[in-house]
Amino acid sequence: MTVLSTYRLQMRGPASGEAFTFADAENLVDYLAELGVSHLYLSPILTAGEGSTHGYDVTDPTTISAELGGPEGFDRLVRRARAAGLGVVVDIVPNHVGVESPEQNAWWWDLLTHGRQSRYASFFDVDWTLDPDGRIVLPVLGSDDDVADLTVDGEVLRLGDRTWPIAPGTEPDAQPGTGPQVHDRQHYKLIGWRNNVCGYRRFFSITSLAGLRQEDRAVFDATHEEVRRWLTEGLVDGIRIDHPDGLSDPAGYLTWLRELAGPQAWIVIEKILAVDEGLDDSLPVAGTTGYDALRECGGLFVDPSGKKALTALVEAAGVDHAAAHAEARELKKQAVTVTLGSELARLRRTVVAATGRDHDRLPEAISVLLSHIGVYRSDYPSLSTVLPVALAETATEQPELADALELLAAALPHREVEVRLQQLCGAATAKSMEDCLFYRDARLVSLNEVGGEPDRFGVSAAEFHQRAAVRAAMWPAAMTTLTTHDTKRGEDVRARIGVLSQVPSLWSEFVQGWQTSAPPPDPVTGLFLWQNMFGVWPADGSVTDSVRQRLHAYTEKAIREAALHTSWNDPDEQFEAAVHGWVDTVIDGPVGAEMTALVSRLDAHGRTDALGQKLIMLTAPGVPDVYQGTELWEDSLVDPDNRRAVDYAARRQALASGEHPKMRVVRAALHLRRERPDTFLSGGYQPLLADGDAAEHVVSFLRGEDVVVAASRWTARLDETGWGETSLTLPEGTWTDRLTGVSRHGRVRTSDLFAGLPAALLVRDDA
């Protein structure tokens with residue numbers, strides 16, 4: 001079944017506290033069919049850690065989660081979906097497995113039990129050279145001293161409620177000894193996590209997720225046994241691949257996957273592209289999961305005229321925004337040398353093993369080199385010039401590193417050196433940008449999104465049109481999206497915050513007043529959090545206990561990720577208490593009343609832009625995903641906030657009434673895609689240009705020969721001038737707006753076109 005659109009569902013077992021199982025998904029099939037999607041898109045469904053709220057910590061890749069309903073529940077869901085004319089797409093996680101509780105992962109438990117003799121020793125990317133005795137170093141203790149508290153409990157070592165296996169022949173019955181003495185005889189070595197040393201490849205810096213060696217065909221076959229069944233039995237039509245850049249050989253992995261899945265299966269990959277990076281067209285996939293499209297659609301609604309004033313606002317707080325690029329580079333160097341210091345040390349040992357030589361400045365050279373690389377990894381054929389250019393820039397910037405760089409270059413022909421350099425680069429990019437800089441940059445936080453570039457103030461219509469045309473020609477079946485389980489803010493929150501780019505002087509006036517009446521503990525932290533509060537603030541000013549709790553949870557995560565005054569590893573309780581107290585002061589004091597007044601004034605413009613970007617995402621080139629619940633207004637912040645339960649009763653009611661504007665847009669676009677698949681999957685893309693003084697407030701394009709899409713933007717600023725004589729000339733024929741039922745032809749005044757809704761979805765009547 002051809003994938004025309006998807007609807008993402010976040011699956012959760014009962015132990016997570018808010019269950020959403022296969023049975024729950026079954027109950028939504030009729031609703032989603034009526035909404036118009038072609039495919040259910042399920043978050044990972046393989047067996048994960050008990051109580052997992054996301055499923056990315058898979059503990060057994062050979063079985064479907066019993067918590068979700070097991071294979072029987074999945075089969076019932078698939079049958080129910082097929083009967084309603086829907087297909088199924090599933091998210092899979094090839095890069096890593098969950099090892100938080102070793103006893104829950106049979107492969108990991110066996111590895112710890114038998115070490116190099118384990119049948120699964122080749123499955124994991126273990127650094128066997130890290131420990132002099134060849135043990136697997138596990139950074140799982142509060143401190144190294146905790147080893148003294150280990151006790152023998154039958155066949156396991158125990159520390160509180162945590163357990164690790166005891167190798168046969170090393171138990172007290174065979175060799176007398178205490179818990180610590182038995183520990184010293186194991187194939188693993190438990191150490192404190194603060195040492196920042198890890199004996200296996202992790203997912204970024206998360207020690208509870210251990211990397212798999214998918215470059216080994218035996219590992220690939222074993223981890224894809226259940227996935228193969230889904231594809232062979234026709235249970236799924238497509239799969240989403242989580243973080244392939246973490247693998248040793250992403251291209252090789254995807255080649256094997258394509259062979260397994262067959263030529264017709266829809267495969268999309270979670271590949272984060274830099275703004276100036278194109279997806280390598282040799283990859284046997286339909287495209288990415290859409291963060292590139294997210295930046296483009298959302299960026300259209302950021303008004304470039306607000307750049308100067310919003311920049312001045314953060315600079316008045318002591319930020320040199322012109323130095324943002326330099327800060328990003330410094331953060332990446334810091335991520336390489338500190339956060340990922342264990343991975344850097346392993347890379348250095350690999351270089352030494354490959355060349356027989358070392359250099360005391362090699363770690364510094366690697367960190368500076370990677371700071372010159374703006375992509376996750378550069379070993380795709382289309383990026384062959386990235387690494388040599390970075391080497392040249394590094395040598396020019398710091399000539400004293402030339403010898404260390406030459407040593408690295410001499411080692412790079414060795415495959416393991418190249419792979420570990422690339423894997424380190426991707427992890428450092430994520431930790432420095434998405435997980436740090438994006439929580440510091442306070443100029444316009446709606447730009448701080450995965451796949452985004454905050455230094456680029458929005459996306460021009462020219463850039464958008466060109467990128468859309470390229471996607472139509474090269475990647476017409478790539479996924480597009482506006483919200484995911486990983487976005488920093490939901491689509492409607494970003495749209496509302498984006499309105500501030502239209503009224504920067506007004507925002508600055510309010511903020512300057514708030515800085516006096518409710519001064520934040522730190523000016524930049526205040527600027528960052530005020531925008532996020534504005535994004536989720538209820539228009540009626542009723543900040544419920546739930547909203548308050550969500551804001552506090554977001555605040556804690558934001559200030560710790562920013563790591564300017566506090567962090568996850570070393571939380572500053574005094575600073576955090578001051579920030580939380582300030583948040584309550586904002587909510588309960590006069591600032592809260594002023595925030596309500598401002599939101600009431602600008603909320604309509606945020607909703608206008610939210611509708612526009614939603615319609616564009618649903619109709620521009622690509623296969624759109626509707627993230628759960630986003631067919632109505634939503635106010636989610638970063639995870640876990642964006643994974644909370646959805647009120648589907650309200651959505652059923654809105655679908656039935658047909659009155660909610662966002663629901664009308666989503667339903668109309670999805671049904672049109674099912675009605676005219678060729679228009680959207682193989683039809684061309686042609687920009688349509690408006691005429692008149694307010695032409696910049698219109699974004700419009702033609703899909704194929706029979707669908708015209710138009711959306712208004714920057715309406716807060718448009719209020720000052722009005723549409724005037726601005727118009728849009730439609731292609732030949734009579735066109736009916738699927739959103740309003742009104743027919744149009746020829747030259748249409750935009751004041752008429754957008755009289756009912758701020759967006760139009762026009763279909764040629766005779767097509």
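To be clear, the structure that these remarks concern was listed above.
For clarity, every value in this text was computed on a predicted model and none was experimentally measured. In every chain, residue numbers begin from 1 and rise along the written sequence. Confidence filtering applies because this is a predicted model: local features only for residues at pLDDT of at least 70, side-chain atom pairs given and counted only at 80 or more, and all residues used for totals across whole chains, interfaces and linings. By convention in this description, side-chain values take in all heavy atoms of the structure and omit both hydrogens and water.

Caption draft 1: Expanded view of the overall build of the protein. Put simply, DSSP H or I for four residues or longer makes a helix, DSSP E for two residues or longer makes a strand, and each gets a number counted from the N terminus. For the protein, the count of helices and strands is 28 helices and 25 strands. The atom set for the radius of gyration is the C-alpha atoms, and the globule formula is 2.2 Å times the number of residues raised to the power 0.38. For the protein, whose C-alpha radius of gyration is 27 Å, the value lies close to the compact-globule estimate of 27 Å for 767 residues. Dimensions of the protein, computed from C-alpha atoms along their principal axes, come out at roughly 90 × 60 × 50 Å. Exposure is judged per residue with a 1.4 Å probe applied to protein chains only, and the accessible area is read against the type maximum: over 50% gives exposed, under 20% gives buried, and values in between give partly exposed. Counting across all 767 residues of the protein, residues that qualify as buried make up 61%. Long-range pairs, those at least 24 residues apart, make up 73% of the contacts in the protein between residues at least 6 apart in sequence. The charge count treats Lys and Arg as positive and Asp and Glu as negative. His and the chain ends do not count. Here the site of a charge means atom NZ of a Lys, CZ of an Arg, CG of an Asp or CD of a Glu. Each charge class in the protein can be summarised by its mean position, and for the 72 positive and 112 negative side chains these summaries are 3 Å apart. Residue contacts follow a heavy-atom distance rule, with two residues in contact if any of their heavy atoms lie within 4.5 Å.

Caption draft 2: Molecular detail of unusual backbone geometry. Here the bond from Asp639 into Pro640 is cis, since omega is 5°, no more than 30 degrees from zero. Mapped onto the elements of the fold, Pro640 is located in the loop between β18 (623–627) and α24 (648–657).

Caption draft 3: Quick look at the pattern of salt bridges. A side-chain nitrogen of Lys or Arg and a carboxyl oxygen of Asp or Glu constitute a salt bridge if their distance falls within 4 Å. This structure, assessed with the given rule, holds 62 salt bridges. With its nearest N and O atoms 3.0 Å apart, the salt bridge here joins Arg201 to Asp125. Of this pair, Arg201 sits in the loop between β11 (188–192) and β12 (202–203) while Asp125 sits in the loop between α4 (106–114) and β7 (136–141), and the two are 76 residues apart along the sequence. Looking at Asp125, the relative accessible area reads 7%, which means it is buried. Of the charged contacts, one joins Arg158 and Asp153 as a salt bridge, the two residues approaching to 2.7 Å between their closest N and O atoms. By relative accessible area, Arg158 is classed as partly exposed at 28%. Looking at Asp153, the relative accessible area reads 36%, which means it is partly exposed. The network of salt bridges with shared partners includes Asp125, Asp127, Arg201, Arg346, Arg349, Glu416 and Arg420.

Caption draft 4: Just the packing of helix α23 (residues 590–619) against helix α25 (residues 661–675), in detail. Look at α23 against α25: their axes get within 10 Å of each other, and the N-to-C directions meet at 10°. When the interaxial angle is binned, α23 and α25 end up roughly parallel. Packed against α23, whose contacting residues are Leu611, Lys614, Leu615, Leu618 and Thr619, the element α25 presents Pro661, Lys662, Val665, Val666, Ala669, Leu670 and Arg673 at the interface. A class-by-class count of the residues in the contact of α23 with α25 yields eight nonpolar, one polar and three charged. Angles here are taken between N-to-C directions and fall from 0 to 180 degrees, while the axes themselves are lines fitted to C-alpha atoms, restricted in helices to the stretch in contact. Roughly parallel means an angle under 35 degrees; roughly antiparallel, over 145; roughly perpendicular, 65 to 115; everything else is oblique. Under this grouping Gly is polar, as are all residues other than the nonpolar Ala, Val, Leu, Ile, Met, Phe, Trp, Tyr, Cys and Pro and the charged Asp, Glu, Lys and Arg.

Caption draft 5: Quick look at the sheet that holds strand β10 (residues 162–165). One requirement defines pairing of two strands: DSSP has to find at least two bridges between them. Overall, antiparallel pairing links the three strands, which are arranged β8-β9-β10 in an open sheet. Where the open sheet ends on each side, the last strands, each with one partner, are β8 (151–153) and β10. On average, adjacent strands in this sheet sit at an angle of 40° to one another, irrespective of strand direction. Here three bridges tie β8 to strand β9 (residues 156–159), and the two strands are oriented antiparallel to one another. Bridging from a neighbouring strand, Val152 pairs with Leu157 of β9.

Caption draft 6: Geometry of the packing of aromatic side chains. Working definition: a ring pair exists when centres of Phe, Tyr or Trp rings (six-membered ring for Trp) sit within 6.5 Å. Plane angles under 30 degrees give stacked, over 60 give edge-to-face, the rest tilted. A full pass over the atoms with the stated rule returns 19 aromatic pairs. An angle of 50° between the planes, with centres 5.6 Å apart, marks the rings of Phe22 and Phe74 as tilted. Here Phe22 is found in helix α1 (residues 22–26), whereas its partner Phe74 is found in helix α3 (residues 70–83), with 52 residues between them in sequence. There is no split in this pair, since Phe22 and Phe74 are both buried. Aromatic rings pair up to connect Trp507, Phe510, Trp514, Trp530, Phe534 and Trp582 into one cluster.

Caption draft 7: Region of the structure containing empty space enclosed by the protein. In this analysis a 1.4 Å probe is tested at points of a 1 Å grid over the protein atoms alone, and where it fits but cannot get out there is a cavity; an open set with protein on both sides within 12 Å along at least five of seven lines is a pocket; lining residues have an atom within 4 Å of a point. Grid points are joined across faces, edges and corners, and a volume is the space filled by probe spheres set on the points. Across all of its chains, the model carries seven cavities of 30 Å³ or more by this definition. Approximately 270 Å³ is the volume attributed to the largest cavity. What lines the largest cavity is a set of 21 residues, and nearest its centre among them are Arg201, Arg202, Glu343, Gln423 and Leu424. Looking at the lining of the largest cavity, the elements that each hand over two or more residues are β12, α12 (341–355) and α16 (415–434). Counting residues per element, the lining of the largest cavity draws most heavily on α16, at five residues. Considering only residue class, the lining of the largest cavity consists of seven nonpolar, six polar and eight charged. Its volume calculated, the second largest cavity comes out at about 200 Å³.

Caption draft 8: Expanded view of the environment of Asp360. With respect to the secondary-structure elements, Asp360 resides in the loop between α12 and α13 (362–371). Between the alpha carbons of Asp360 and Ala404 there is a distance of 8.0 Å; along the sequence they are 44 residues apart. Pairing of N or O atoms within 3.5 Å defines a polar contact, subject to two protein rules: one partner must be a possible hydrogen donor and the other a possible acceptor, and residues neighboring in sequence count only if both atoms are side-chain atoms. Within polar-contact distance, the side chain of Asp360 engages the side chain of His359 at 3.3 Å.

Caption draft 9: Spotlight on the layout of surface pockets. Estimated volume of the second largest pocket: approximately 830 Å³. Taken together, 33 residues form the lining of the second largest pocket, with Ala274, His325, Gly374, Val375 and Glu453 sitting closest to its centre. Here the lining of the second largest pocket takes five residues from helix α11 (residues 324–339), the largest share from any one element. When the residues that make up the lining of the second largest pocket are grouped by side-chain class, the tally is 15 nonpolar, eight polar and ten charged.

Caption draft 10: Representation of α24 within the structure. Among all positions in α24, only Tyr648, Arg651, Ala654 and Leu655 are buried. In an axial view of α24, the angular spread of the buried residues amounts to 115°, which keeps them on one side of the axis. With respect to the buried face of α24, the exposed residues turned more than 90 degrees away are Ala649, Gln653 and Ala656. Residues of α24 that are buried in the fold lie against β1 (6–9), α2 (29–35) and α25. Where α24 begins, the side chain of Asp647 points an oxygen toward the backbone nitrogen of Ala649, at a separation of 3.2 Å. Backbone geometry just after α24 places Gly658 at a positive phi near 70°. Throughout, the arc means the angular range of directions from the helix axis out to the C-beta atoms.

Caption draft 11: Spotlight on α23. For α23, which comprises 30 residues, the first-to-last C-alpha distance of 43 Å matches the rise-based estimate of 44 Å (1.5 Å per residue) to within 8%. Of all the bends in α23, the largest measures some 45° and sits at Leu602. Among the 30 residues that make up α23, 22 are buried, leaving the element largely enclosed by the rest of the structure. What a helix is expected to span follows from its residue count: subtract one and scale by 1.5 Å. What the bend at a residue measures is the angle between two axes, fitted to the seven residues ending there and to the seven starting there.

Caption draft 12: Geometry of the sheet that holds β12. Pairing within the open sheet is antiparallel, and its three strands lie in the order β6-β13-β12. The open sheet has two edge strands with one neighbour each: β6 (96–98) and β12. Note that β12 and strand β13 (residues 206–211) share two bridges and pair antiparallel. Bridged to Phe203 within β13 is Ile206.

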